[in-house]
Amino acid sequence: MQLQYSKYSLIILTLLSLQCGLLWRIEVEYHGWSGLIWLGYFHWAVPVGFGLFLIWANGFVELDGNKRVLFNVVAIVFGALIFYGLGISLSYFFNQPLNGINTLITVPPWKYHLFRNAFYFIIPFMSVGTFLILKLFGKKVGVKRLLLSLVCIILSIPFSTILLELINHKGGSDYIHALKSGFIIPLWCFSIGILFIGKSATKKRYENSDFV
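Rules used in this analysis
Residues numbered from 1 in each chain as written. Predicted model: local features only at pLDDT ≥ 70, side-chain atom pairs only at ≥ 80, totals over all residues. Heavy atoms only, no water. Helix = DSSP H or I, 4+ residues; strand = E, 2+ residues; numbered from the N terminus. Buried < 20%, exposed > 50% of the residue type's maximum accessible area, 1.4 Å probe, protein only. Contact = heavy atoms within 4.5 Å. Areas by Shrake-Rupley, 256 points an atom, 1.4 Å probe, with all protein chains shown as cover. Expected span 1.5 Å × (residues − 1). Bend = angle between axes of the 7 residues up to and from the residue. Patch = residues over 30% accessible without salt bridge, like charges linked within 9 Å, V, L, I, M, F, W, Y side chains within 5 Å. Salt bridge = Lys/Arg side-chain N within 4 Å of Asp/Glu carboxyl O. Core = buried A, V, L, I, M, F, W, Y, C linked by side-chain atoms within 4.5 Å. 1 Å grid on protein atoms, 1.4 Å probe; cavity = no way out; pocket = protein on both sides within 12 Å on 5 of 7 lines; lining within 4 Å. Points joined across faces, edges and corners; volume = space filled by probe spheres on them.

A. The arrangement of the overall build of the protein in detail. Scanning the protein for helices and strands turns up 9 helices and 0 strands. Tracing the protein from N to C terminus, the helices and strands come up as α-α-α-α-α-α-α-α-α. Within the protein, buried positions represent 44% of all 212 residues. Contacts in the protein between residues at least 24 apart in sequence constitute 71% of all its contacts with a sequence separation of at least 6. Accessible surface computed for the protein: about 11600 Å², of which carbon and sulfur atoms make up 70%.

If you want it as structure tokens, here you go:
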């Protein structure tokens, strides 16, 4: 399996990332900006954005028949688990009722704090899990590329809050508004996308090398 590369890959990835963030923001504005309404409904922007990202990612993999199908199935399952886990963690973090139940009252303290802080591990695992999936399907993605992705996805939190502060965004410039505003979403997409962009597979000197 080889990852293709062109000089336009980063530009296309950037545009795709911005589009995913825009879809999120449109949905939030449609349902209403007030309070924590955005935590109370299913975000269709997530599967739609993920689908667009997966279509883009498939252009970078060379797999035949059933292997390509399996790659997509594994990617979809992984994405669904991340979305589900992140949703639960954020509900605990912001102390929002889960299925109509107040989790602060009904769960043991250890479980509450475990779930509440799980997103600190889920976010970097988006990069690590993607890296492992690519390795599973035979791509030797360089460790330096993984570290770059991790650094980008971790820095997405402070960077998105700085952007909110610079433009004096409504609601404030904290982590909750980095998510709610959608500013952090393009940064996440870009951070994961750089794992897929490799050097040209048509050049023999790159065929067996790790991409860094």
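After presenting the structure, the write-up continues.
B. Quick look at the side chain of Thr130. Mapping Thr130 onto the fold places it in helix α6 (residues 119-136). Other than its neighbours up to four places away in sequence, Thr130 contacts Phe78, Phe125, Ile192, Leu195 and Phe196.

C. Spatial organisation of unusual backbone geometry. The phi torsion at Asn168 lies on the positive side, around 55 degrees, for a residue other than glycine. For Asn168, a relative accessible area of 66% translates into the label exposed.

D. Layout of helix α7 (residues 143-166). Between its first and last C-alpha atoms α7 spans 34 Å; for 24 residues at 1.5 Å apiece the expected length is 34 Å, and the two agree. Maximal helix bending in α7 amounts to about 45 degrees, located at Ser156; proline Pro158 follows within four positions. Three or more residues of α7 are buried, namely Arg145, Leu146, Ser149, Leu150, Ile153, Ser156, Ser160, Thr161 and Leu164. Contacts from the buried residues of α7 go to α6, α8 (175-180) and α9 (184-193). Looking one or two residues past α7, Asn168 carries a phi angle of roughly 55 degrees, positive in sign.

E. Layout of a nonpolar patch on the surface. Residues Tyr8, Ile11, Ile12, Leu15 and Leu18 make up a contiguous nonpolar surface patch of roughly 520 Å² in combined accessible area. Relative to the assigned elements, Leu18 resides in helix α1 (residues 9-31).

F. Structural detail: the nonpolar core. If you look at the biggest cluster of nonpolar residues, it comprises 49 residues, and the most contacted ones within it are Trp56, Trp188 and Phe196. Of all the secondary-structure elements, those providing two or more residues to this core are α1, α2 (45-58), α3 (65-93), α6, α7, α8 and α9. Among the elements that take part in this core, α6 stands out by supplying 7 residues, more than any other. Discounting chain neighbours no more than four positions away, the residues touching Trp188 are Leu86, Ile123, Met126, Ile153, Ser156, Tyr175 and Leu179.

G. Quick look at the layout of surface pockets. One number sums up the size of the largest pocket: a volume of about 1200 Å³. Looking at the largest pocket, it is lined by 43 residues, and the ones nearest its centre are Val46, Gly79, Ile82, Phe83 and Tyr84. When residues of the lining of the largest pocket are assigned to their parent elements, the largest contribution, 14 residues, is made by α3. Estimated volume of the second largest pocket: approximately 170 Å³. Lining the second largest pocket, in full, are Leu18, Gly21, Leu22, Arg25, Leu163, Ser181, Gly182, Phe183, Pro186 and Leu187. Mapped onto the lining of the second largest pocket, the elements with two or more residues apiece are α1 and α9. Element by element, the count of residues in the lining of the second largest pocket is highest for α1, at 4 residues.

H. Seen up close, the pattern of salt bridges. Throughout the structure, instances matching the rule amount to 2 salt bridges. A salt bridge links Arg25 to Glu29; the nearest nitrogen and oxygen atoms lie 2.9 Å apart. In this pair, Arg25 and Glu29 are both assigned in helix α1, 4 residues apart and thus about one turn of the helix distant. In this structure Arg25 comes out as buried when scored by relative accessible area, which is 18%.

I. Representation of the environment of Phe53 within the structure. By secondary structure assignment, the location of Phe53 is in helix α2. As for Phe53 and Leu13, which are separated by 40 residues in sequence, their C-alpha atoms are 8.7 Å apart. Beyond its immediate stretch of four places on either side in the chain, Phe53 contacts Leu13, Leu16, Cys189, Ile192, Gly193 and Phe196.

This is a description of form; function is not addressed.
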